[in-house]
Amino acid sequence: MPLLSLLAMNAMMVPPKLQAQPFPLGAIKVLAGPFVEANKPCADYLLEIEPDRLLHNFRKNAGLEPKGKIYGGWENSGLAGHSLGHYLSACAQQYASTKDRRYKANINYIIDELVACQKARPDGCISAIPNGDKVWDEIRKGEIRSKGFDLNGLWSPWYTHHKVFAGLLDAQALAGNQKALGVAEKFADWAIELTKGFSDAQWQEMLGTEYGGMNESLAELYARTGKAKYLEIARKFYDRKVLDPLAAGKDELQGKHSNTQIPKLVGLARLYEITGEEKDRKAAEFFWKAIVKDHTYAIGGNSNHEYLGPPGKLSDRLSTNTAETCNTYNMLRLTRHLFEWEPKAEYADFYERAYLNHILASQNKDGMMTYFMPLSSGSSRRYSNKFNDFTCCHGSGIETHTKHGDSAYFFAGKEKLWVNLFMPSTVLWKETGVTVTQQTSFPDDFHTFGENWKEEDQPPTVGLSFSMFAPRAFELLIRHPGWMKQPLEVMVGNKIVARSTKPSSYVSVKRTWNDGDELKFVLRPTLHTESMPDNKNRVAVMYGPYVLAAEMLSPRIPVLVNGGRPVAEWLLPVPGKPLEFRTVGVGRPEELVFRPFYEHKQNRYATYFDQFDEARWKRLEAEFRAEEERVKDLEARTIDYVRIGEMQPERDHKLKSEKNDVRESNGRGFRTPLAGGWFEFEMKVDPAKPVDLVMTYWGSDRSDPSFEILVDGVKLVMEDLPSRKPNLFFDEARALPEMMTKGKSSVTIRVQAIPGKAAAAVAGARTIFRK
């Protein structure tokens, strides 16, 4: 861009005045509770990771000898390098919070190694991506082949580079490593040189592949250096196909990969803060509202199998692969930005919900993380391992658990202090010289009270104490959480100084504060249910901000036969066990014990429940028994059965394939032949008796498949499955003509996609004796 155009662009920018600011990590100390418990194993794990192993491919691609063996998971694949960025951010956050120099030492070592890589290859590129140089040369020439996660054969390379950029910027801002900024500048200069000849159409073609938050990092690089070239390229990372409808207030997110989109909006949020561009603000605000209102589960997470569905349609989108953890990590980052612009309690309410339910639930006791957060009944969580599961959610997990408390408080200059999250903590408000200490045993003292709270009881309280050298006048704003329907009364001493009757708002206390002042208020959670937006009788059970899940001791799906009665009538606290409740007379097939969702680490659980009255349940129970009998009969007539998508059964049945997508949900694998793809396998048959073929399909809600099934090369049927059963496995039976099985002990079944369309997602096949 010509210099005059750049100057004009800069002259037009009017950065908005932010209404609230987050405190730096070093100003907040979390003192106790599950937040401290979550940080400790994560912090220990960071010191087990060997920087040289993360640097393996960076050195190799710079022509240097690697010093450590590469890690497993995505680090040993096309997404290699993303974990180093996450690691830099996590170590920087842990250092900023604790000043433990071990984390800073690891950061400094990595930055020095990246400096060495840039010296070895002066173009400035620092990359761990296999075959990256060859492909970037193609792209530099304008040869761009882009789709979802594939750019000329590379797996989301800009996404990976964004993680590295973000880690470098955190290393500089949080750990004081100034070399990191220089490395980031040279890396950005490489990106500018690479794309300088691109037309607008070529940019848009390239941005069809996931690019993470490149716009955010490049905008931040501009903010720190003042160099307009970085703002210019940040602006070019703008996917019009996705972002323009959002700016116009249109939800066209159905069928889109959730975590591909969220970082784009975080980037627009940062660009708005730098430039004041209203279009960016509109897109970010509308996206947040659309996701939270129409695409978010009770735990605060979103997406099924990583993808978004129709707005407001969630009841049939429950599986073992709901709520990718990266999505919530990024939604919380977006929420922080929006709160800075307009400090509304609804933003803090969402932050609390997602933080207490999804984020705390995403970590096992040993510090390992989930990728998905299963919400189908009978689910249990799968966690990463330390050295062979370096996925995106593993990386965002180590970041998440090194910044607990970062959004508990916000401030505005010397005038206002917001208390958003309730946790034992201290915050140093440097601008005023005031230290605030929050004392609460949240959440452990919440179990005794609720609907049955009486004035003579001692309800759970939050206390705030103030320390300062001189009296200070400021406004204290305490969140009246949306889940607390009773008034919130704030007391100084024995006097009520402020009162709120509006949930999801702030109660204001304006006064001159003195050293030693103490304030307290009562939090009164209640039991309640939250319905699916498209099914009022499918509910999650909540207590205050907590989603409650029931441990499943039976393989049968539990339901609630409560006749629509208020939850407090049939769910009672278990004496002596904090936040544990038991159903009385309504649980089927047995009574249920509920605990907070985040506490269910290893066991099978249920989160959403269908509600019935007795008559309707009797009808449903009969249908369920009939289905049980159908399955029993099917198994009794089975000749052969193969579970598709599982290595050993496929090997036993000599499965071969081409152009397949292999996935898993609800504990079962499945294969989908993509356009032009196929797979085939052998099945036993009876050479003398009539045989049927039963295919088990996964009711994908993202496809309308048409495909062929062939038996020993002869077409059995052109299968059309327009009426799908979302997130359910279902069977379709076809009679095998006698000529296909007569005199044979086995046949080869082939599932063949037709040109231009994908086939169905196939989870299993069985041959059975015909009735």
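Quick look at the structure, then. Computed from a predicted model, the values in this text were never measured in an experiment.

Quick look at the sheet that holds strand 9 (residues 434-439)
What holds strands together in a sheet is hydrogen bonding between their backbones, with the strands either parallel or antiparallel.
Link 1 in the chain: Read across the open sheet, the 7 strands follow the order 2-8-9-10-15-12-13; overall the sheet is antiparallel. Looking at strand neighbours, the two that pair on one side only are strand 2 (28-30) and strand 13 (495-500), the edges of this open sheet. Between one strand axis and the next, the sheet turns through 15° on average, direction left out of account.
Link 2 in the chain: Relative to strand 10 (residues 461-467), strand 9 is paired through 5 bridges, and the arrangement is antiparallel. Paired with Thr-435 across the strands is Ser-467, a residue of strand 10.

What about the sheet that holds strand 1 (residues 21-22)?
Link 1 in the chain: Pairing is mixed across the open sheet formed by 5 strands, whose spatial order is 1-6-7-11-14. Unpaired on one side and paired on the other, strand 1 and strand 14 (505-513) mark the two borders of the sheet.
Link 2 in the chain: Where strand 6 (residues 409-412) lies against strand 7 (residues 416-419), 4 bridges are found, and the strand directions are antiparallel. By the bridge assignment for strand 7, Ala-412 is matched with Lys-416.

Describing the pairing of strand 28 (residues 668-684)
Link 1 in the chain: Across the 17 residues that make up strand 28, a large majority, 12, are buried.
Link 2 in the chain: Sheet analysis places strand 27 (residues 656-665) next to strand 28, joined by 9 bridges and oriented antiparallel. Looking at strand 28, one finds that Ser-657 is bridged to Phe-679.
Link 3 in the chain: Where strand 28 lies against strand 33 (residues 746-753), 7 bridges are found, and the strand directions are antiparallel. Paired with Phe-679 across the two strands is Val-751, which belongs to strand 33.

Looking at the pairing of strand 8 (residues 425-429)
On any regular strand, side chains alternate: one points to one face of the sheet, the next to the other face.
Link 1 in the chain: Among the 5 residues that make up strand 8, 4 are buried, leaving the element largely enclosed by the rest of the structure.
Link 2 in the chain: Where strand 2 lies against strand 8, 3 bridges are found, and the strand directions are antiparallel. By the bridge assignment, Ile-28 is partnered in strand 8 with Val-427.
Link 3 in the chain: As paired elements, strand 8 and strand 9 share 5 bridges and run antiparallel to each other.

Remarks on the packing of aromatic side chains
Link 1 in the chain: Evaluation of the coordinates by the stated rule reveals 40 aromatic pairs.
Link 2 in the chain: Plain terms: the ring middles of Phe-23 and Phe-411 are 4.6 Å apart, the flat faces sit at 40° to each other, and that makes the pair tilted. Taken together, the residues span a long stretch of sequence, with Phe-23 in the loop between strand 1 and strand 2 and Phe-411 in strand 6 at a distance of 388 residues.
Link 3 in the chain: With centroids separated by 6.0 Å and ring planes inclined at 40°, the aromatic side chains of Tyr-546 and Tyr-598 adopt a geometry described as tilted. Of this pair, Tyr-546 sits in strand 18 (residues 546-551) while Tyr-598 sits in the loop between strand 23 (593-596) and strand 24 (605-606), placing them 52 residues apart in sequence. We note that Tyr-546, like Tyr-598, is buried.
Link 4 in the chain: An aromatic cluster of at least three residues, connected via ring pairs, comprises Trp-136, Trp-158, Phe-165, Phe-187, Trp-190, Phe-198, Trp-203, Tyr-211 and Phe-237.
Link 5 in the chain: The aromatic ring of Phe-729 is capped on one face by Arg-668, whose charged end is 4.8 Å from the ring centroid.

Observations concerning the packing of helix 14 (residues 258-275) against helix 15 (residues 278-294)
Link 1 in the chain: At a minimum axis separation of 8 Å, helix 14 and helix 15 run at an interaxial angle of 140°. Classed by the angle they form, the pair helix 14 and helix 15 counts as oblique. Crossing handedness for the pair helix 14 and helix 15: left-handed. Touching Gln-261, Ile-262, Leu-265, Leu-268, Leu-271, Tyr-272 and Thr-275 of helix 14 are Glu-278, Asp-280, Arg-281, Ala-283, Ala-284 and Phe-287, all from helix 15.

Let's talk about the pattern of salt bridges
Link 1 in the chain: Applying the stated criterion across every chain yields a total of 52 salt bridges.
Link 2 in the chain: Lys-134 is the salt-bridge partner of Glu-138, the closest N and O atoms lying 3.3 Å from each other. Note that Glu-138 and Lys-134 are positioned in helix 7 (residues 132-140) at a spacing of 4 residues, about one turn of the helix.
Link 3 in the chain: Close ionic contact of Lys-293 with Asp-294 constitutes a salt bridge, the shortest N to O distance being 3.3 Å.
Link 4 in the chain: The class of Asp-294 is buried, set by a relative accessible area of 18%.

Brief notes about the environment of Arg-588
Link 1 in the chain: Along the chain, Arg-588 turns up in strand 22 (residues 587-588).
Link 2 in the chain: The spacing of Arg-588 and Arg-53 is 535 residues in sequence and 51 Å in space, taken between C-alpha atoms.
Link 3 in the chain: When sequence neighbours within four positions are dropped, the list of residues in contact with Arg-588 reads Ile-557, Pro-558, Val-559, Val-561, Glu-614 and Trp-617.
Link 4 in the chain: Polar side-chain contacts of Arg-588 include one of 2.8 Å to the side chain of Glu-614.

Overview of the side chain of Gln-118
Link 1 in the chain: Structurally, the position occupied by Gln-118 is in helix 6 (residues 101-120).
Link 2 in the chain: Among all residues touching Gln-118, those that are not within four sequence positions of it are Gly-124, Ile-126, Val-183, Lys-186 and Phe-187.

Cut-offs and rules
- Residues numbered from 1 in each chain as written.
- Predicted model: local features only at pLDDT ≥ 70, side-chain atom pairs only at ≥ 80, totals over all residues.
- Heavy atoms only, no water.
- Pairing = 2+ DSSP bridges.
- Helix = DSSP H or I, 4+ residues; strand = E, 2+ residues; numbered from the N terminus.
- Axes fitted to C-alpha atoms, helices over the stretch in contact; angles between N-to-C directions.
- Buried < 20%, exposed > 50% of the residue type's maximum accessible area, 1.4 Å probe, protein only.
- Phe/Tyr/Trp six-rings, centres within 6.5 Å; stacked < 30°, edge-to-face > 60°.
- Lys NZ or Arg CZ within 6 Å of the ring centre and 35° of its normal.
- Parallel < 35°, antiparallel > 145°, perpendicular 65-115°, else oblique.
- Left-handed = near helix turned anticlockwise from the far one by under 90°.
- Contact = heavy atoms within 4.5 Å.
- Salt bridge = Lys/Arg side-chain N within 4 Å of Asp/Glu carboxyl O.
- Polar contact = N/O pair within 3.5 Å; in protein donor to acceptor, adjacent residues only side chain to side chain.

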